[in-house]
Amino acid sequence: MTRVAKYSQAVLCEQMHALYDLLQKRKKEILADPALTPDNDELNDELEQIYNRSRLLQECFEQFCPS
């Protein structure tokens with residue numbers, strides 16, 4: 001038997017904020033890392049992914065999470 005969970009806007013927003021906070025923490029770690037150089041593709045790619053995901057989460061906040 002499959003159980004369907006009810007949608008909770010409050011839970012969704014709480015989870016998105018938690019994810020956003022984790023992304024921001026990781027961004028600060030990368031920016032403080034001395035290994036972050038123009039030639040470090042791995043860190044630069046991760047940083048770009050963080051920026052893209054953060055931007056997407058901000059759009060979701062505007063759509064689903066009242067201020």
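A quick note: this is a predicted structure, and the numbers were derived from the prediction, not measured. (Residues numbered from 1 in each chain as written. Predicted model: local features only at pLDDT ≥ 70, side-chain atom pairs only at ≥ 80, totals over all residues. Heavy atoms only, no water.)

A. Up close: the overall build of the protein. The helix and strand inventory of the protein stands at 2 helices and 0 strands. Taking 11 Å as the expected radius of gyration for a compact globule of 67 residues, we find that the protein reaches 16 Å, considerably beyond that expectation. Across the 67 residues of the protein, 22% fall into the buried class. Counting only contacts in the protein whose residues sit at least 6 apart along the sequence, the fraction spanning at least 24 positions is 59%. With 8 positive and 12 negative side-chain charges, the protein shows a spacing of 11 Å between the two charge centroids. (Helix = DSSP H or I, 4+ residues; strand = E, 2+ residues; numbered from the N terminus. Rg over C-alpha atoms; globule rule 2.2 N^0.38 Å. Buried < 20%, exposed > 50% of the residue type's maximum accessible area, 1.4 Å probe, protein only. Contact = heavy atoms within 4.5 Å. Lys, Arg positive; Asp, Glu negative; His and termini not counted. Charge placed at Lys NZ, Arg CZ, Asp CG, Glu CD.)

B. Up close: the environment of Phe64. Its place among the elements puts Phe64 in helix H2 (residues 41-64). Considered as a pair, Phe64 and Gln24 are 40 residues apart in the sequence and their alpha carbons are 20 Å apart. When residues no more than four places from it in sequence are discounted, the contact partners of Phe64 are Tyr7, Gln9, Leu12 and Cys13.

C. Geometry of the state of the cysteines. Considering all chains together, one arrives at 1 disulfide under this definition. Two residues, Cys13 and Cys65, share a disulfide whose sulfurs are 2.0 Å apart. What sets the handedness of the Cys13 and Cys65 disulfide is the S-S torsion sign, and at about -105° it is left-handed. Here Cys65 lies in the segment after H2 and Cys13 lies in helix H1 (residues 9-32), a separation of 52 residues in the sequence. For the pair formed by Cys13 and Cys65, the shared burial category is buried. Cys60 carries a free sulfur, and the closest cysteine sulfur to it, the one in Cys65, is 8.1 Å from it. (Disulfide = S-S within 2.5 Å.)

D. Examining a negative patch on the surface more closely. There is a patch of like negative charges on the surface, built from Asp39, Asp41, Glu42, Asp45 and Glu48. With respect to the secondary-structure elements, Asp39 resides in the loop between H1 and H2. (Patch = residues over 30% accessible without salt bridge, like charges linked within 9 Å, V, L, I, M, F, W, Y side chains within 5 Å. Areas by Shrake-Rupley, 256 points an atom, 1.4 Å probe, with all protein chains shown as cover. Salt bridge = Lys/Arg side-chain N within 4 Å of Asp/Glu carboxyl O.)

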